[in-house]
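Examination of the molecular architecture
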Amino acid sequence: MERIEDFKEFVKRFKNIIDESSTIVLTAHLDPDGDAIGSALSLCLALRKMGKKADVVLDDIPKVFYELEGADEIIPVKKIREMDKRYDLGIFLDSNDKKHIMMPDEILKRVDKSICIDHHIGGIPYTDILYLEEESPAVCEIVYKILKELKMEIPRNIMMPIIVGVITDTGGFRYPETSVTTFEIGKEALKQGIALYEIYEKYLCMKTMRAFEIQRKAIDRIKFYLDRKTCDNFCW
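Residues numbered from 1 in each chain as written. Predicted model: local features only at pLDDT ≥ 70, side-chain atom pairs only at ≥ 80, totals over all residues. Heavy atoms only, no water.

Comments concerning the pattern of salt bridges
Within the structure shown, the criterion is met by 18 salt bridges. Among the ionic pairs, Glu134 bridges to Arg3, the shortest N-O distance being 3.9 Å. Taken together, the positions of Glu134 in the loop between β7 (129-132) and α4 (139-149) and Arg3 in strand β1 (residues 2-3) put the pair 131 residues apart, joining distant regions of the chain. Each of the salt bridges in this network shares a partner with another, and the network as a whole consists of Arg81, Glu106, Lys109 and Arg110. (Salt bridge = Lys/Arg side-chain N within 4 Å of Asp/Glu carboxyl O. Helix = DSSP H or I, 4+ residues; strand = E, 2+ residues; numbered from the N terminus.)

And the structure:
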């Protein structure tokens, strides 16, 4: 395993490996969120734009994400065992530890080379190359920077999953890691006519019944201490 810390050096190596690869599979962590789904779909669409044959393999995704281009082509990770298919390259996103990937070895044995792109601290490296950008608020932001460094045009169909991932992983530009680049992505999305408030409401404010039940149970189990100055809760 090789960890590359310099961004420009990583992009250079990434480009060389992409140029040598014709077939590419992308995947991300279990129970994929907006950043995992957005980074996989946006990078897949960009790779296809480069003329590559690219597939996305993921765990089940929430229905709201099926509005994104390419979501209906996602291969359920459970079906990977049924596929007699190999790839030149595997790209693992938003998870730098195998235990967070569903059937990682099943995917790794089908690829000749592997790259992990992530922003989480810790983990146990498992790919040939690791690029970890801990200060980045979202892997979608890293994907955006990679495409910019490669001088690639980012059309609306690629920008949409990027901004969805950025908004969901920054809590709508509210979390401490939110950066100047984060807002640049928002600015570019707005220029392309993407309504950020609609993404915020659809992907952050709306809740599924399951999510609502989890939140309700968590609130019901809150316990207060020290004259109600502190509290904790648990949910299973």
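Resuming the write-up.
Observations regarding the nonpolar core
Counting residues in hydrophobic clusters, the biggest one holds 57 residues, and the most contacted among them are Phe10, Leu26, Ile91, Ile117 and Ile162. If near-sequence neighbours (up to four positions away) are discounted, Leu26 is found in contact with Ala40, Leu43, Cys44, Leu47, Ala54, Asp55, Val56, Val57, Ile91 and Leu93. In terms of nonpolar packing, the next biggest core, distinct from the first, is built from 17 residues, Val57, Met83, Phe92 and Cys116 among them. (Core = buried A, V, L, I, M, F, W, Y, C linked by side-chain atoms within 4.5 Å. Buried < 20%, exposed > 50% of the residue type's maximum accessible area, 1.4 Å probe, protein only. Contact = heavy atoms within 4.5 Å.)

Some points on the pairing of β7
Neither face of β7 is left uncovered, since the one carrying Ile129 and Tyr131 and the one carrying Leu130 and Leu132 both have all their residues buried. The sheet contact formed by β1 and β7 spans 2 bridges and is parallel. Paired with Glu2 across the strands is Ile129, a residue of β7. The sheet contact formed by strand β6 (residues 111-118) and β7 spans 4 bridges and is parallel. (Pairing = 2+ DSSP bridges.)

What to know about the pairing of strand β3 (residues 53-58)
When you tally the buried positions in β3, you get 5 out of 6 residues, the bulk of the element. Of the strand pairs in this sheet, strand β2 (residues 23-28) and β3 are connected by 5 bridges, and their pairing is parallel. By the bridge assignment, Ile24 is partnered in β3 with Ala54. Regarding topology, helix α2 (residues 34-49) serves as the crossover connection from β2 to the parallel β3, and that connection is right-handed. (Right-handed = clockwise from strand over helix to strand, strands pointing away.)

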